[in-house]
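Summary of the model geometry
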Amino acid sequence: MQPHFAVPNLAVPTFAPASDTGLPLHIVTERTLDAWLARQDGTTAGWARSMGFAGAWGQVVVLPGADGTICGALIGAGTPKTRQRQRFLLAAAAAKLPEGTYALASDLPADLSAEVECFGWLMAQYAFDRYAKTTGAKARLIAPDGVDAARVEAMAAGETFTRTLINTPAEDMGPAELQQAVESLAEAHGATVSTVIGEDLLAQNFPLIHTVGRAANRAPRLIDMRWGNEGPTLTLVGKGVCFDTGGLNLKPGASMALMKKDMGGSANVLGLAHMIMATGLRLQLRVLIPAVENAVSGPAFRPGDIFTSRKGLTVEINNTDAEGRLVLADALALAQEDTPDLLISMATLTGAARVAVGADIAPFFTDREGDAVTLASNAQDAADPVWRLPFHDPYEAMIEPGIADLDNAPAGGFAGAITAALFLRRFAGDARYMHFDVFGWSPSSLPARPKGGVGQGTRALFQALPEMLGLS
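**Quick notes on the overall build of the protein**
Check the secondary structure of the protein and you find 16 helices and 19 strands. Along the three orthogonal principal directions, the C-alpha set of the protein runs to about 80 × 50 × 50 Å. Within the protein, the proportion of its 472 residues that are buried is 56%. Intrachain contacts of the protein at a sequence separation of at least 6 include 77% that bridge at least 24 residues. Here the protein has roughly 18,700 Å² of accessible surface; of this, 51% comes from carbon and sulfur atoms. Counting 37 positive and 49 negative side-chain charges, the protein places the averaged centre of each group 4 Å from the other.

**Observations regarding the sheet that holds strand 12 (residues 314-316)**
Backbone-to-backbone hydrogen bonds join strands into a sheet, with any given pair of strands oriented parallel or antiparallel. If you trace the 3 strands from one edge of the open sheet to the other, you get 11-12-16, paired in mixed fashion. Only two strands of the sheet have a single partner each, and these edge strands are strand 11 (306-308) and strand 16 (406-407). Both strand 12 and strand 16 contribute to a ladder of 2 bridges, which runs parallel. Its bridge partner being in strand 16, Val315 is matched across the sheet by Leu406.

**Quick word on the packing of aromatic side chains**
What characterises a pair of aromatic rings is the spacing of the ring centres plus the angle enclosed by the ring planes. Going through the model one piece at a time under the given rule, you end up with 8 aromatic pairs. Plain terms: the ring middles of Phe391 and Tyr433 are 6.3 Å apart, the flat faces sit at 25° to each other, and that makes the pair stacked. Taken together, the residues Phe391 in the loop between strand 15 (386-388) and strand 16 and Tyr433 in strand 17 (residues 433-437) connect sequence positions 42 residues apart. Comparing Phe391 with Tyr433 shows no difference in burial state: the two are buried. In this structure an aromatic cluster arises from ring pairing among Phe365, Phe391 and Tyr433. One Lys or Arg, Arg163, reaches over the ring of Tyr126 and ends 5.5 Å from the middle of that ring.

**Here's the deal with the sheet that holds strand 4 (residues 100-104)**
Taken together, the 5 strands give an open sheet; going across it, the order is 2-3-1-4-5, and neighbouring strands pair in mixed fashion. Taken across any chain shown, the strands that pair with only one partner, and hence form the sheet edges, are strand 2 (60-64) and strand 5 (139-141). When the angles between neighbouring strand axes are averaged without regard to direction, this sheet yields 35°. Where strand 2 and strand 3 (residues 70-76) come together, 5 bridges link them in antiparallel fashion. Looking at strand 3, one finds that Val62 is bridged to Ala73. Helix 2 (residues 42-50) rests against strand 2 and strand 3 of the sheet, and its axis sits at about 145° to strand 2. Where helix 5 (residues 114-123) meets the sheet, its contacts fall on strand 1 (23-28), strand 4 and strand 5, and the angle it forms with strand 5 comes to roughly 150°.

**Some details on a nonpolar patch on the surface**
A cluster of nonpolar side chains, namely Leu248, Leu250 and Val296, defines an oily patch on the protein surface of about 270 Å² accessible area. Looking at where Val296 falls in the secondary structure, it is placed in the loop between strand 10 (284-294) and strand 11.

**Thoughts on the environment of Ala149**
Positionally, Ala149 belongs in helix 6 (residues 149-167). In this structure Ala149 comes out as partly exposed when scored by relative accessible area, which is 23%. A C-alpha to C-alpha distance of 23 Å links Ala149 and Gly228, two positions 79 residues apart in sequence. Not counting residues within four places of it along the chain, the set of residues in contact with Ala149 comprises Phe15 and Ala143.

**With respect to unusual backbone geometry**
Not every positive phi belongs to a glycine, and Asn205 is a case in point at roughly 70°. Judged by its relative accessible area of 35%, Asn205 falls in the partly exposed class. Even without being glycine, Thr339 reaches a positive phi, approximately 45°. Along the polypeptide, Thr339 turns up in the loop between helix 12 (324-337) and strand 13 (342-347).

**Considering the pairing of strand 3**
Across the 7 residues of strand 3, 5 count as buried, placing the element largely inside the fold. Relative to strand 3, strand 1 runs parallel, the two sharing 4 bridges. Among the inter-strand pairings, Leu25 is bridged to a residue of strand 3, identified as Ala73. Between strand 2 and strand 3, which pair antiparallel in sequence order, lie 5 residues; one of them, Gly68, sits at a positive phi of approximately 90°.

**Thoughts on the pattern of salt bridges**
Under the definition given, this model contains 25 salt bridges. In this structure, Glu323 engages Lys239 in a salt bridge whose closest nitrogen and oxygen atoms are separated by 3.6 Å. Highlighted residues: Glu323 in the loop between strand 12 and helix 12 and Lys239 in the loop between strand 8 (233-238) and strand 9 (240-244), separated in sequence by 84 residues. Judged by relative accessible area, Glu323 falls into the buried class, the value being 1%.

**A short note on the environment of Phe427**
Take Phe427: it is sitting in helix 15 (residues 416-428). Once the C-alpha coordinates of Phe427 and Ala335 are considered, the two residues, 92 residues apart in sequence, prove to be 9.2 Å apart. Apart from the residues within four sequence positions on either side, Phe427 is in contact with Ser309, Lys311, Leu313, Val315, Ala329, Leu332, Ala333, Gln336 and Leu406.

**Structural notes on the nonpolar core**
Counting residues in hydrophobic clusters, the biggest one holds 87 residues, and the most contacted among them are Leu234, Ile276, Leu285, Ile344 and Phe436. With sequence-adjacent residues up to four places away left out, Leu285 is seen in contact with Met225, Arg226, Trp227, Leu234, Leu236, Ala273, Ile276 and Met277. The next biggest cluster of nonpolar side chains, apart from the first, holds 43 residues, and it includes Ile209, Phe307, Ile399 and Ala421.

**Quick notes on the side chain of Arg459**
Topologically, Arg459 is positioned in helix 16 (residues 458-468). One buried charged side chain, Arg459, makes no salt bridge at all; its nearest oppositely charged neighbour is Asp384, positioned 4.4 Å away. In this structure the side chain of Arg459 is engaged in a polar contact, spanning 2.4 Å, whose partner is the backbone oxygen of Ala382. From its side chain, Arg459 meets the backbone oxygen of Ala383 in a polar contact 3.1 Å long. Sequence-distant contacts of Arg459, that is, excluding residues within four places in its chain, are made with Phe88, Phe119, Met155, Met275, Ala382, Ala383 and Asp384.

Rules of the game
- Residues numbered from 1 in each chain as written.
- Predicted model: local features only at pLDDT ≥ 70, side-chain atom pairs only at ≥ 80, totals over all residues.
- Heavy atoms only, no water.
- Helix = DSSP H or I, 4+ residues; strand = E, 2+ residues; numbered from the N terminus.
- Buried < 20%, exposed > 50% of the residue type's maximum accessible area, 1.4 Å probe, protein only.
- Contact = heavy atoms within 4.5 Å.
- Areas by Shrake-Rupley, 256 points an atom, 1.4 Å probe, with all protein chains shown as cover.
- Lys, Arg positive; Asp, Glu negative; His and termini not counted.
- Charge placed at Lys NZ, Arg CZ, Asp CG, Glu CD.
- Pairing = 2+ DSSP bridges.
- Phe/Tyr/Trp six-rings, centres within 6.5 Å; stacked < 30°, edge-to-face > 60°.
- Lys NZ or Arg CZ within 6 Å of the ring centre and 35° of its normal.
- Axes fitted to C-alpha atoms, helices over the stretch in contact; angles between N-to-C directions.
- Patch = residues over 30% accessible without salt bridge, like charges linked within 9 Å, V, L, I, M, F, W, Y side chains within 5 Å.
- Salt bridge = Lys/Arg side-chain N within 4 Å of Asp/Glu carboxyl O.
- Core = buried A, V, L, I, M, F, W, Y, C linked by side-chain atoms within 4.5 Å.
- Polar contact = N/O pair within 3.5 Å; in protein donor to acceptor, adjacent residues only side chain to side chain.

Without other data, these values stay purely geometric and don't point to any function.
As C-alpha cells, this is what we get:
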C-alpha cells in the first residue's frame, strides 16, 4: 500500500522582502503611552484615545491616514509584569492586524528579544489546512535591522514541519508516511536515509521495536538519517509511535483521542534537524526514529511477557501502554554504539511529566550540570520553557522486577517520568545523554501557538547546541 502522506507543500512563513515599504508599527507600554501621544498630531492622539487604546499587552489600534487609508498601527506592550506572564507579543498583534506589510518603527522593550518576537510573528501565520480551509495571520513583517532573517525563517520552517507532522491524523501518518517525511527532509538537505523494516528488525537485532509494532498491519521500522561530515557528533532519537491504542492494556476512549500526537518526539527531532541543517551548523548529525503503531491483534505482545533488548537487557512487560520506552531502548542502544559527543532523546512519554509541569513546559533529564545550566539559560532567551527533573538514582530499584533486568511499567504510580527516564538511561550507556519528555500539543490557542501540535524544547536546544558542542 502506498503511503498517504508526503511532506506537503508547506506554506512556510517568511518575512516580507526588505525592499518593500512597510506600514510603521509603534510599540508602546502603559508607561510610555502618554509621552508617545504627546508627540503626535491631534488627530492621531485623539483617534488612539477614542479607540480606548491604553497600551495593554497585545492591544492593537490601526492608525488612519489623512486619505482614510491605514498609515500604521500602535501595539501595546503592557507592563513588565504582564510581559512576564505572556509570550510572543508581536504574534498577538499580527493576528489582529489587517493584511499588509509592516515594519517596526520603534524599539521593543528591553526585556523582549527581537529574534523571539519575529519568530512569533512568523508562527502567527501558521494554520493546518489539509482537511478544512483555515488561515493564519495575513500581516507580513519586514525583518528588523539586527535580526538574522534566514535563521529565524529556518526556526519557523522547522516548527511548521513539526506541527504539521503532529497534526496529521494516524490514517495519513503511519510508519511508512513518517519514513517518507524523513526522506523528503533528507532530500532537501543532502542527507542520507536508511531504514530497517518489519521482520528485518529481528534479523538486525531490534527486537523491542519489532515487538511493539508487530500487531499492526503497517510494518514497524527504524529510520536512520545522517547529515554532515565534520565537527562534533550529535545523535537525536525521537519516539515515532504513530498511534497508541495502549495495546492489550487498551486505553479508554478519552485517553486515545490525542494519540495521533504520540509521534511528537520524532516530529520534534525532525524540526530541530531542519534548523540545524538549514543553518549549516558544523556538526555531524544522526537522527534515529523507531516508527511503529501500537495496535491490538493476535500477535500483540502481552503483559507478563519478557523480551531481550538489543543491548542484551531483559525487559518484563507489565503494561503494554508503556511502549514508547521500549522502542526508544533499541534506538538508544544503537545510538550509543557510535559513541556520539551528545545523545538526545525526545518523546511524548509519560502523563506523569504533564502532571508535574503542565502542557507548556518541556521537562528534561541530564546528569551533566553544565549542560543543564546551558540549556536552561538558552531556553529562557528563546522563550521555549524547559525544566530539569532528576535522574534520581535511588529510584533505580523501582525498575528492577527481579524476574527480568528491567520492568517497563513499575507499579505504585510514583515518579513515573523519572522511572521512565531511568529506564532509557540504561540503554544510553556511558553516552553524554539528555532526555526530554514533551507533551507536543497546545491544548488551547495562544499567540503563535494555535490549538494542536507544537514543538517543545527544540528552539532551546537549537540555541544551546553551539555552546554545548563547542561550536561558538
